Amino acid sequence: MEKKIAELKKNIEDELNDIKSGVALYELKTKYLLGKTSEIPALMKELGKADKDERPRLGQLINGLKDWASEVISKREAEIAKLERAERYKREAIDITMPSKKHEEGSLHPVTVVKNQLVEIFSGMGFKVLETREIEDDFHNFTALNTPKEHPARDKQDTFYINDEFMLRTHTSPGQIHAMTSIKPPFKVIIPGRVYRADDDATHSPMFHQMEGLAIDKNISLCDLQGMLDVLVKKMFSADVKTRFRPSFFPFTEPSVEVDVSCFECGGKGCKLCKGTGWIEILGGGIVNRKVIENCGLNPDEYTGFAFGFGLDRIAMLKFGINNIHILYDGDLNALKQFKD
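Thresholds applied
- Residues numbered from 1 in each chain as written.
- Predicted model: local features only at pLDDT ≥ 70, side-chain atom pairs only at ≥ 80, totals over all residues.
- Heavy atoms only, no water.
- Helix = DSSP H or I, 4+ residues; strand = E, 2+ residues; numbered from the N terminus.
- Buried < 20%, exposed > 50% of the residue type's maximum accessible area, 1.4 Å probe, protein only.
- Contact = heavy atoms within 4.5 Å.
- Core = buried A, V, L, I, M, F, W, Y, C linked by side-chain atoms within 4.5 Å.
- Axes fitted to C-alpha atoms, helices over the stretch in contact; angles between N-to-C directions.
- Parallel < 35°, antiparallel > 145°, perpendicular 65-115°, else oblique.
- Nonpolar A, V, L, I, M, F, W, Y, C, P; charged D, E, K, R; others polar.
- Pairing = 2+ DSSP bridges.
- Patch = residues over 30% accessible without salt bridge, like charges linked within 9 Å, V, L, I, M, F, W, Y side chains within 5 Å.
- Areas by Shrake-Rupley, 256 points an atom, 1.4 Å probe, with all protein chains shown as cover.
- Salt bridge = Lys/Arg side-chain N within 4 Å of Asp/Glu carboxyl O.
- Lys, Arg positive; Asp, Glu negative; His and termini not counted.
- Charge placed at Lys NZ, Arg CZ, Asp CG, Glu CD.

### As for unusual backbone geometry
Here comes step 1: Here the residue pair P185 and P186 is connected by a cis peptide bond, since its omega of 0 degrees sits within 30 degrees of zero.
Here comes step 2: For P186, the location among the structural elements is in the loop between α7 (174-182) and β4 (187-196).
Here comes step 3: Look at the link from E254 to P255: it is a cis peptide, with omega at 0 degrees.
Here comes step 4: Examined against the element boundaries, P255 turns out to sit in strand β7 (residues 253-262).
Here comes step 5: At N146, a residue that is not glycine, the phi angle is positive and equals roughly 65 degrees.
Here comes step 6: As for its placement among the helices and strands, N146 is situated in the loop between α6 (138-141) and β3 (166-168).
Here comes step 7: The backbone of K275 shows a phi angle near 55 degrees, a positive value even though the residue is not glycine.
Here comes step 8: With respect to the secondary-structure elements, K275 resides in the loop between β7 and β8 (279-288).

### Topic: the environment of F339
Here comes step 1: Among the structural elements, F339 can be located in the segment after α11 (333-336).
Here comes step 2: Using a relative accessible area of 12% as the deciding quantity, one classes F339 as buried.
Here comes step 3: Through-space distance from the C-alpha of F339 to that of F320 is 6.6 Å; in sequence the pair is 19 residues apart.
Here comes step 4: Ignoring any residue separated from it by four or fewer positions in sequence, one finds F339 in contact with P110, V113, F320, I322 and I327.

### Description of the nonpolar core
Here comes step 1: Membership of the largest hydrophobic core comes to 41 residues, with the highest contact counts inside it found for L118, F122, M228, I282, F306, F308 and F310.
Here comes step 2: The dominant element in this core, judged by the number of residues it contributes, is helix α8 (residues 222-236), at six residues.
Here comes step 3: When sequence neighbours within four positions are dropped, the list of residues in contact with L118 reads M211, L232, M236, F310 and L312.
Here comes step 4: Core analysis: the next-biggest nonpolar cluster, separate from the first, contains 20 residues, L130, A179, V189 and L214 among them.

### Structural notes on the packing of helix α1 (residues 2-18) against helix α2 (residues 22-32)
Here comes step 1: Two elements in contact, α1 and α2, have axes separated by 11 Å at closest approach and are oriented at 170 degrees. Taken together, the axis directions place α1 and α2 in an arrangement best described as roughly antiparallel. Between α1 and α2, the contacting residues are L8, N11, I12, E15 and L16 on the first element and L25, L28, K31 and Y32 on the second.
Here comes step 2: Looking at the contact of α1 with α2 residue by residue, the classes come out as six nonpolar, one polar and two charged.

### Considering the pairing of strand β6 (residues 243-250)
Here comes step 1: The pairing of β6 with β7 spans seven bridges and is antiparallel. Paired with S248 across the bridge in β7 is S256.
Here comes step 2: Between β6 and β7, which pair antiparallel one after the other, the connecting turn spans two residues.

### Notes on a positive patch on the surface
Here comes step 1: Taken together, the side chains of K82, R85, R88 and R91 present a region of like positive charge at the surface.
Here comes step 2: Using a relative accessible area of 37% as the deciding quantity, one classes R85 as partly exposed.

### Remarks on the pattern of salt bridges
Here comes step 1: Throughout the structure, instances matching the rule amount to 14 salt bridges.
Here comes step 2: Between R246 and D260 there is a salt bridge; the shortest N-O distance is 2.6 Å. You can see R246 sitting in strand β6 and its partner D260 sitting in strand β7, a full 14 residues away along the chain.
Here comes step 3: Among the residues examined, R246 registers a relative accessible area of 28% and is labelled partly exposed.
Here comes step 4: Given the relative accessible area of 3%, D260 is considered buried.
Here comes step 5: Counted as one network, the salt bridges with shared partners bring together R244, R246, D260 and E281.

### Some thoughts on the sheet that holds strand β1 (residues 128-129)
Here comes step 1: Pairing is mixed across the open sheet formed by seven strands, whose spatial order is β1-β4-β5-β9-β8-β7-β6. A strand with exactly one partner marks an edge of an open sheet, and here the two such strands are β1 and β6.
Here comes step 2: Sheet analysis places β1 next to β4, joined by two bridges and oriented parallel. Within the sheet, the bridge partner assigned to K128 lies in β4 and is V189.
Here comes step 3: Packed on one face of the sheet, α8 meets β6, β7, β8 and β9 (304-311) and runs near 125 degrees to β6.

### A look at a nonpolar patch on the surface
Here comes step 1: The grouping of I135, I162 and F166 at the surface amounts to a nonpolar patch, some 270 Å² of accessible area in total.
Here comes step 2: With respect to the secondary-structure elements, I162 resides in the loop between α6 and β3.

### Some remarks on the pairing of β9
Within a regular strand, the side chains alternate between the two sheet faces.
Here comes step 1: Burial of β9 is extensive: six of the eight residues sit out of reach of the surface.
Here comes step 2: Relative to β9, strand β5 (residues 207-217) is paired through eight bridges, and the arrangement is antiparallel. Counterpart to D217 in the pairing with β9 is T304.
Here comes step 3: Strand direction decides the pairing type here: β8 and β9, joined by four bridges, are antiparallel. Residue I287 lies in a different strand from β9, and its bridge partner there is F306.

If you want it as structure tokens, here you go:
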């Protein structure tokens, strides 16, 4: 028994010298001290096999070994804890002299900036935002808008058809039909969204953004449209900007107008932006055609309205001085982050 006690003590000393971590030390403690099946408590079970006269002395030796083992293991625990703490501090140390990590500040896309500004302006004039679908049927995209069967806009070289009946909408004007068939007059709505046409050059993209505007009430005239647009361009561009109407033609408005604004870059004197004319075309509009009102189940003798539509991409290009629409869609962050609001 004495020989076994001496061997256990030597084993503990040898193993302690090789231990470098708290996990390994706990395993050693479990092996020799913790639980009834560990090495030192197991000696007490063997004590009953010794001579009766030897038991007190051997019991003292076993308890002495237990106390000694507890003390040296506790001491080693403190040493390892100190080493591990120092290692963790070293690993987690922060060099305050090092430059900080640079966090890039995000920004909204130029088209989103323009859309948000326009929504805010129109909301201030009592317009509500209406979101409509991007896949349209022939009725909403063409027929209800008084677009004849032979109209060039219906050609497959201009329109992305899904089948003979459905297509990707070519403009946001179908929103007019959705509004007039679902909202009881009087009302004023704007319809922003993506539209699609088979066109691609420096000023056109197969996918681009438009915003449609529609007001339906009694006794609406072109004067109401011009008054509203005067407020719009002054808030969007400059307080000195003016609007002018030029006669035009759209199947869904009669009379129809192209709307120009005096150049906000040169004040109407003539510059590169306005190509020396002093004016910039921004949108088309007019009084809603009687046939369109009839197609939506309303009485054109009771209700009239004005409608207008413009490209959000074009407004963004004018506002931020962008000369190629592909800058908006190529995903070059170095280019896009220049146009923060």
